Amino acid sequence: GSLPDLALASSGGMGQLLGFKNVVFPARDLAASVEAWTAVLGQEPAFVGKDFAVFTGGGAEIGLSSAPWVDHPLVFWEVAEIEEAHRGLVAAGAVPLGEIADGSLAEIGTADVTNGDPATGIVDVPGGRLGVLRAADGNLVGLHQAVSFA
């Protein structure tokens, strides 16, 4: 299962998990999802872009994405060094995913990665780096490394 894999990885090759970064929910209609989550959380989002919105507060961050990365919630773990953590998860049996032409995720090597590192699928975004892998049990694992603006 994913928990033993994560525990094994965090005790060795993955490095230290620093905690949850956020949960990203699919939002095929971003405006409708922003409206719904604004009502649920009782606050406006901290950021809204063309395909992504973020709510922050209470020690939690909730993302909404209209990009076809996921069809269910995806938890991102904060890590100190994403490439080390990524290698540790692959060593523990996880399969790296990358963003392909239609905006969805595919296993590295099965289609051309159009956004991010073609070898790992790791993507640079404002303020961070992201990676997504599929654990041996089929669940997705997101990694986030904070990056300072230089």
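Residues numbered from 1 in each chain as written. Predicted model: local features only at pLDDT ≥ 70, side-chain atom pairs only at ≥ 80, totals over all residues. Heavy atoms only, no water.

Engineer: Please provide a residue-by-residue account of the pairing of strand S1 (residues 17-26), values included.
Structural biologist: Inspection of the sheet shows S1 paired to strand S5 (residues 74-79) by 6 bridges, in the antiparallel sense. Directly across from Gly 19, in S5, lies its bridge partner Glu 78. Of the pairings in the sheet, the one linking S1 to strand S4 (residues 60-65) comprises 4 bridges and is parallel in character. Each bridged residue has a counterpart across the sheet, and for Val 23 the counterpart in S4 is Ile 62. (Pairing = 2+ DSSP bridges. Helix = DSSP H or I, 4+ residues; strand = E, 2+ residues; numbered from the N terminus.)

Engineer: Got a sec to walk through helix H2 (residues 30-41)? Specific residues and values, please.
Structural biologist: In this model H2 runs 16 Å from its N-terminal to its C-terminal C-alpha over 12 residues, within 8% of the 16 Å that 1.5 Å per residue would give. Listing the buried residues of H2 in full gives Leu 30, Ser 33, Val 34 and Thr 38. Take H2 and look down its axis: the buried residues cluster within an arc of 135°, on one side only. Turned more than 90 degrees from where H2 packs its buried face, Glu 35, Ala 39 and Val 40 sit exposed. Turning to H2, the residues buried within the fold contact strand S3 (52-57) and S4. Residue Gly 42 follows H2 closely and has a positive phi angle near 70°. (Expected span 1.5 Å × (residues − 1). Buried < 20%, exposed > 50% of the residue type's maximum accessible area, 1.4 Å probe, protein only. Arc of directions from axis to C-beta. Contact = heavy atoms within 4.5 Å.)

Engineer: With reference to specific residues and values, describe the confidence of the model for the protein chain.
Structural biologist: In low-pLDDT segments, the atomic positions of the prediction should not be examined closely. Scored by pLDDT, the protein chain has a mean of 86; 88% of the residues are at 70 or more. Across the protein chain, the element-wise mean pLDDT spans from 41 in helix H1 (residues 2-11) up to 96 in strand S6 (residues 95-99). Of the regions scoring below 50 in pLDDT, residues 1-13 engages in 20 contacts with residues more than four places distant in sequence or in other chains. (pLDDT = per-residue confidence, 0-100.)

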